[in-house]
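Residue strings, one per chain:
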Amino acid sequence: MSADHPALDPREAARPRVRIRVTVNGTAREIDVAPMQRLLDVLRNDLHLTGTKEGCGEGECGACSVLLAGRPVNSCLVPAVHADGQEITTIEGLAQHGAMHAVQKAFVKAGSAQCGICTPGMVVTAAWLVDSHKGQAVPEPEIRAHLAGNLCRCTGYGQIVEAVVDALQQQATEG
Amino acid sequence: MQAVMLRDVEVMRPRTLDEALRLLDRAHREGVRLRPMAGCTDVLVDAHFGKALPERFLDVWGLRKELGGLRWTEAGLVIGATCTYAEALETPKFVAELPALAKAASQVGARQIQARGTFAGNVENASPAADAAPMLLALDAQVKLASLQGVRTVPLLNYWSGYRQTVRRPDELITAIVVPAAALGSQGQWFRKVGTRAYQAITKVGLASRLQWQGGKLVDVRLAAISMAATPKRCATLETYLKGRELATIDAAELRHAQAVDLQPIDDVRSNATYRAEVFARLVEQALRETHLATAH
């Protein structure tokens, strides 16, 4: 930050100029970003984590959902600089040691995807819901409220909710 | 094109409130527009739609140590400028004392927006369709503004000066929104928004209110209309009509007549004037019934 930043040369402006340190899916990374560059673009273009999708680009659809500091956010509405010093989990980071997350297994089992564009964001939000309610019964309206920021135009949500209920039960029985 | 535009935008990232105020002061003197940003849930949507962005942004997200969180003081609840909806909703005392504001906060977008959006941003964005800001208006909240010239407090009632306009000077920064102590845990807090869906929907028409009954009579009335005027708006005529009345003496036609003096909704992309006026009247009736019932036992 400098209060005396010189007038910007367009070529200068096109160059990244802020270094951020983030932990992405458990790995520490240092990346140079333009201050208002979207976290979504940094993940996809700089880190090549293309599992995170761009849907609407305006915070409506949730396809770009990732966990930032433990909460789901729309990565299209987060300037990359706000991720500085934070932990980020993307769809690529949910599987542990080659084993799928309980939510991923449940989505496969219930057939919770059709076209697939919403699926990574939906799974990230669902995994957050399941992980933050370990051993708790979550009523269906509450599940739907948690997932309300992730739009799906194919499934009608039935199999998605079914998968989340299944994953919550699996988590409960596995302790 | 969008990426180029965002790359061209300069962001000032102060480390202290004092530094932030100096930057605002300097930009103001030099005639540079410096727009404060926090959760960016409005700023980056504007950018997406290619709206003209100011030359520079002032990023206050990094000032969360100074401007974040909730603080209960003698004056009331101080909601820091960078306090998000999610932070407030995770605070049981907030939900217990301000149930209708909590309801409004829980219906801003959905969880992803609530993790980033702030009460102060909702107030400054000055949308007539805001969720939390009209409820803050019904709670008599005040806006704390700081600049190098000093600190001042503006009641929310006088804060919105027109469609998407506020009385904040360009060299001022919102440091907090204060909900007065008298409003905390007060009787009759009531909020309902009507949109296309329960979440991820912008309000077609809504009511944020505080209705206090005593001995069967309405002794205190605050009604803030949502998506019914150019700004969230208190309904002076309607409030005067209702004050002192018993539920049985409130006449539906008189209520609608008083409402028409206060509110002249418009037709737009989300709804139309006829629907808005009728649904608003029914929201008032519902709020009256439900808050009356809540105090009846």
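How each quantity is defined
Residues numbered from 1 in each chain as written. Chains lettered and ligands numbered in written order. Predicted model: local features only at pLDDT ≥ 70, side-chain atom pairs only at ≥ 80, totals over all residues. Heavy atoms only, no water. Helix = DSSP H or I, 4+ residues; strand = E, 2+ residues; numbered from the N terminus. Buried < 20%, exposed > 50% of the residue type's maximum accessible area, 1.4 Å probe, protein only. Contact = heavy atoms within 4.5 Å. Areas by Shrake-Rupley, 256 points an atom, 1.4 Å probe, with all protein chains shown as cover. Axes fitted to C-alpha atoms, helices over the stretch in contact; angles between N-to-C directions. Left-handed = near helix turned anticlockwise from the far one by under 90°. Nonpolar A, V, L, I, M, F, W, Y, C, P; charged D, E, K, R; others polar. Buried area = accessible area lost by both parts, 1.4 Å probe. Salt bridge = Lys/Arg side-chain N within 4 Å of Asp/Glu carboxyl O. Polar contact = N/O pair within 3.5 Å; in protein donor to acceptor, adjacent residues only side chain to side chain. Pairing = 2+ DSSP bridges. pLDDT = per-residue confidence, 0-100. Phe/Tyr/Trp six-rings, centres within 6.5 Å; stacked < 30°, edge-to-face > 60°. Lys NZ or Arg CZ within 6 Å of the ring centre and 35° of its normal.

Caption draft 1: Geometry of the overall build of chain A. Each helix and strand counted, chain A has six helices and five strands in total. Listing each helix as α and each strand as β along chain A from the N terminus yields α-β-β-α-β-β-β-α-α-α-α. By its C-alpha atoms, chain A is 60 × 30 × 25 Å across when sized along the principal axes. Counting the 175 residues in chain A, one finds 50% classified as buried. Contacts in chain A between residues far apart in sequence, at least 24 positions, make up 56% of those at least 6 positions apart. For chain A, the accessible surface area stands at approximately 7900 Å², while carbon and sulfur atoms represent 49% of it.

Caption draft 2: Local environment of the packing of helix α4 (residues 119–131) of chain A against helix α6 (residues 158–174) of chain A. Residue and element names in this part refer to chain A. Contact geometry for α4 and α6: axes closest at 10 Å, N-to-C directions at 35°. Seen from above, α4 lies across α6 with right-handed handedness. Facing α4, whose interface residues are M122, A126, L129, V130 and D131, α6 presents I160, V164, A167, L168 and Q171. Residues of the contact of α4 with α6, tallied by class, amount to eight nonpolar, one polar and one charged.

Caption draft 3: The arrangement of the interface of chain A and chain B in detail. Facing the 44 residues of chain A at the interface are 39 residues of chain B. Buried surface at the junction of chain A and chain B, both sides included, amounts to about 3400 Å², of which 55% is carbon and sulfur. Inspection of the chain A/chain B interface yields two salt bridges. With a shortest N-O distance of 2.5 Å, E90 of chain B and R71 of chain A are connected by a salt bridge. Put simply, chain A and chain B have 10 residue pairs in polar contact (both at pLDDT 80 or more) between them. Secondary-structure elements contributing two or more residues to the side of chain A that touches chain B are β3 (65–68), β4 (71–74), α4 and α5 (140–146) of chain A.

Caption draft 4: Summary view of unusual backbone geometry. If you check the backbone angles, N25 of chain A has positive phi at about 50° while not being a glycine. Within the secondary structure, N25 of chain A is located in the loop between β1 (18–24) and β2 (27–33). Non-glycine residue S227 of chain B carries a positive phi angle of around 60°. Secondary-structure assignment places S227 of chain B in the loop between β13 (217–226) and β14 (233–234).

Caption draft 5: Here's a closer look at the sheet that holds strand β3 (residues 56–59) of chain B. All names here are of chain B. Pairing in this open sheet of three strands is parallel, and the strands run β1-β3-β2 from one edge to the other. Each of the sheet's edge strands pairs with one partner strand only, and the pair in question is β1 (10–12) and β2 (34–37). Between one strand and the next, the sheet's axes are offset by a mean angle of 30°, whatever the strand orientation. Here β2 pairs with β3 via four bridges, running parallel. Note that in β3 the partner of P36 across the bridge is L58.

Caption draft 6: Inspection of the confidence of the model for chain A at higher detail. Summarising the model, chain A shows a mean pLDDT of 90, and 90% of its residues fall at 70 or more. Contacts of residues 1–14 of chain A to residues separated by more than four positions or lying in other chains number 20 contacts, the stretch itself having pLDDT below 50.

Caption draft 7: Seen up close, the packing of aromatic side chains. All names here are of chain B. Going through the model one piece at a time under the given rule, you end up with two aromatic pairs over all chains. Centroid distance Y85 to F119: 4.9 Å. Interplanar angle 65°. Geometry classified as edge-to-face. Residue Y85 is found in helix α5 (residues 85–89), and its partner F119 is found in helix α9 (residues 119–125); the two are separated by 34 residues along the sequence. The pair Y85 / F119 is uniform in exposure class, with both members buried. The rings of Y85, F94 and F119 are connected pair by pair, giving a single aromatic cluster. If you follow R116 out to its NZ or CZ, it ends over the ring of W61, 4.5 Å from the centre.

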